[in-house]
Each structure stands twice: as structure tokens, then as C-alpha cells.
Amino acid sequence: MRRSSFSPEPDCAIAQSLGVIGDGWELLIVRDLARGLDRFDQLAESLRISRKVLTERLAGLLDSGIVSRSAYQSRPTRYAYELTARGRTLLPVLVALQDCGDRWLLGDGSLTGTNDADEPPAHRLHELVGRRVPDVALPSIAGTTADVVDASARATVLFGYPATGRPTPLPDGWSEIAGASGCTLENRLFAARYDDFRTAGVAIHGVSTQRTDEQQAFAQAEGIPHVLLSDLELELTAALRLPTFRAGGYERLKRVVLVIGADRMVKAVRYPVTDIADAVDWALTTA
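Note that the structure is predicted; figures quoted are calculated from it, not measured. Note on numbering: residues in each chain are counted from 1, in written sequence order. Confidence filtering applies because this is a predicted model: local features only for residues at pLDDT of at least 70, side-chain atom pairs given and counted only at 80 or more, and all residues used for totals across whole chains, interfaces and linings. Excluded from the side-chain calculation are hydrogens and water; included are all heavy atoms of the structure.

(A) The packing of helix 2 (residues 24–34) against helix 4 (residues 51–63), seen in detail. Between helix 2 and helix 4, the least distance of the axes is 10 Å, while the angle of their chain directions is 80 degrees. In terms of axis orientation, helix 2 runs roughly perpendicular to helix 4. For the pair helix 2 and helix 4, contact is made by Trp25, Glu26 and Ile29 and by Val53, Leu54, Arg57, Leu58 and Leu61, respectively. Whenever a helix is involved, its axis is fitted only over the stretch in contact; in every case the axis is a line through C-alpha atoms, and angles between N-to-C directions fall within 0 to 180 degrees. Secondary structure elements are defined from DSSP: runs of H or I of at least 4 residues count as helices, runs of E of at least 2 residues count as strands, and each element is numbered from the N terminus. When an angle is under 35 degrees it counts as roughly parallel; over 145 it counts as roughly antiparallel; between 65 and 115 it counts as roughly perpendicular; any other value is oblique. Throughout, a residue-residue contact means that at least one pair of heavy atoms, one from each residue, lies within 4.5 Å.

Have a look at this one:
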């Protein structure tokens, strides 16, 4: 396994981890694998690094158990790469780095639950149009795992929201974070139009980083008919590079609405969401 140039301290977990993730290329490979780029050529094109460097970095990630591979072609043999269970534990690290970069390097340091339309997180989200949503299954309020895209529907409206205040109280200062409030209203408005979406052959999936039991209690109290998914492990957040903010000790999704076709391609993105009622209408019309 390729190691970094320093000698990690034997009892320091941070140093040991950095001995595996020796430089930024490894984390960027993890980022792109989470996004569904699982072929060597796809990774090389996205990262814009030499094939030699990519081969070395992949070999190190394979040796460390962060990545596994399986052959999808013979003569010559070509491999598809994927994150292992160990590798997926790095996803919160990626999201934290992204949040730090969005807030402190690309932003002015303000804690906010939204962005202006001309800011980098908005550009990143709108670049999803025309791209495929990776296969991601998340815990749902039905007690099972569910694909974020409903294969039986003509389209799926996937809306991300920060958090609802039932049953768990929201963190102190929540109402002072721009864009954070309104999650209960958003769910109620989607619920009120549920039959319209269903008649149009469109599925509604809401997703937050709250625990499933919290979402279940909220759905029962509010009579929510649509699917709620828990991205507590930040798998979907990392896959789509969704913008987040940290409040109450958790990464929270910023409010966004995606329209995804049955072919898993993103058809449209609404971000920032400044008018929740209008965004619900937009989702139904666009889908």
C-alpha cells in the first residue's frame, strides 16, 4: 500500500488515517466513487490526473480496504470500482470538508441554510441537470430501505429539507439561520398536493439527515402520505454533493427540490428555494 512520506504515530487514529489518505487525490477519488463514477476512464476524466497517478492512488485505496473492484470486461480485463463499508465511513468527512469550503473558503463565513443563486453551491446543484442519480437506498419511514428514485413512477420529486421540530426540538437559534425554517410547512404543502402528484404518475420523496424514528413520529403526527428518507449517514448528500450547514451537532441539508426522470437523470433543480409554495407548484408542473 502506498503510504504518505511521514511515519504515522502508532497510537494516533488521525495520523493512521492520514497514512492511508495520504493526499487530496485519494479523497477526491472517494468523492467521485460516491457520485457513481466507477470506471477508470470516468475517474481519470473527472479528476484530470495522469493514468499513472490514478493507478497508484487506486492501488493504495484497494490495499487499505477503502475501495473494492470487480471485473466487468475480459480481454482486456477492465474493472469497476466501488467504496467498501470502510470507505463509506469517509463520506461524512467529505461532507464536512465541503461544508467548510462552502462556508469559509467560497463564502463569507456566515452560517446559513441557503445560498444566493450566483454562489458556488447553487452552481454545483444546477450542474446536476442531465446527470444520473447513483443507486442509493436509504432508510424510510416504512421501516425498510427505499431507492431515492421510484422506479415505478414516471418521475420522482426529491426534496431535501433541514429538519422538522417534531418530535425533537430544533436547536437554539434555528429561526435566526436564513433558510432553515419552513420544513413542516414544506411537508404539509407536498402532502396537500399528494393526490395531484400521484395522478400525474410522480412520486414524492422527502429527505433529511434526521433519524428515521424522528421522521416516523413527524409523519404520524402530521399525516404525511409521501415517503420520507433518512440520510443520516450522508450517502445521498455525498453522492449529489448537496449543500449542508451544521447546527445542533449535525449536518443539515439546505432546502432543495430535484425532479428526476424514470431513467434516473436529473431533469430540473430548484435552488435556492425562496418561496416554498411556488416550489411545490413548480415541481408538479416540471415533473
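(B) Representation of a nonpolar patch on the surface within the structure. Think of a patch as exposed residues, more than 30% relative accessible area, with no salt bridge, where like charges cluster within 9 Å and nonpolar side chains (Val, Leu, Ile, Met, Phe, Trp, Tyr) cluster within 5 Å. All accessible-area figures derive from a Shrake-Rupley calculation using a 1.4 Å probe, and residue coverage is judged against the displayed protein chains alone. Note on definitions: salt bridges are taken to be side-chain nitrogens of Lys or Arg within 4 Å of carboxyl oxygens of Asp or Glu. On the surface, Trp104, Leu105 and Leu106 cluster together to form a nonpolar patch covering roughly 390 Å² of accessible area. In this structure, Leu106 sits in the loop between helix 6 (91–105) and helix 7 (120–126).

(C) Structural detail: the environment of Tyr250. Structurally, Tyr250 can be placed in strand 9 (residues 250–253). When a residue's accessible area, from a 1.4 Å probe over protein chains only, is under 20% of the maximum for its type it is buried; when over 50% it is exposed; and in between it is partly exposed. Of the residues examined, Tyr250 reaches a relative accessible area of 41% and is grouped as partly exposed. Spatially, the C-alpha atoms of Tyr250 and Gln210 are 8.7 Å apart, while their sequence positions differ by 40 residues. The residues touching Tyr250, leaving out its near neighbours within four places in the chain, are Leu232 and Phe245.

(D) Looking closely at the sheet that holds strand 6 (residues 202–208). Note on pairing: DSSP must find at least two bridges between two strands before they are called paired. Strand order in the open sheet made by the five strands is 7-6-5-10-11, with mixed pairing throughout. Every interior strand has two partners, whereas the edge strands, strand 7 (227–230) and strand 11 (266–270), have only one. Across the sheet, the axes of successive neighbouring strands diverge by a mean angle of 20 degrees, strand direction being ignored. The pairing of strand 6 with strand 7 spans four bridges and is classified as parallel. Bridge assignment links Gly206 to a residue of strand 7, and that residue is Leu228. Together, strand 6 and strand 7 form the strand contacts of helix 10 (residues 212–222), whose direction differs from that of strand 7 by roughly 160 degrees. Along the sheet, helix 12 (residues 276–286) contacts strand 5 (155–160), strand 10 (256–261) and strand 11; its crossing angle with strand 11, the most-contacted strand, is approximately 165 degrees.

(E) Up close: helix 8 (residues 183–192). Looking only at helix 8, the buried set comprises Cys183, Thr184, Glu186, Asn187, Phe190 and Ala191. The buried residues of helix 8 occupy an angular sector of 160 degrees when the element is viewed end-on, so they sit on one face. Here the arc refers to the set of directions running from the helix axis out to each C-beta atom.

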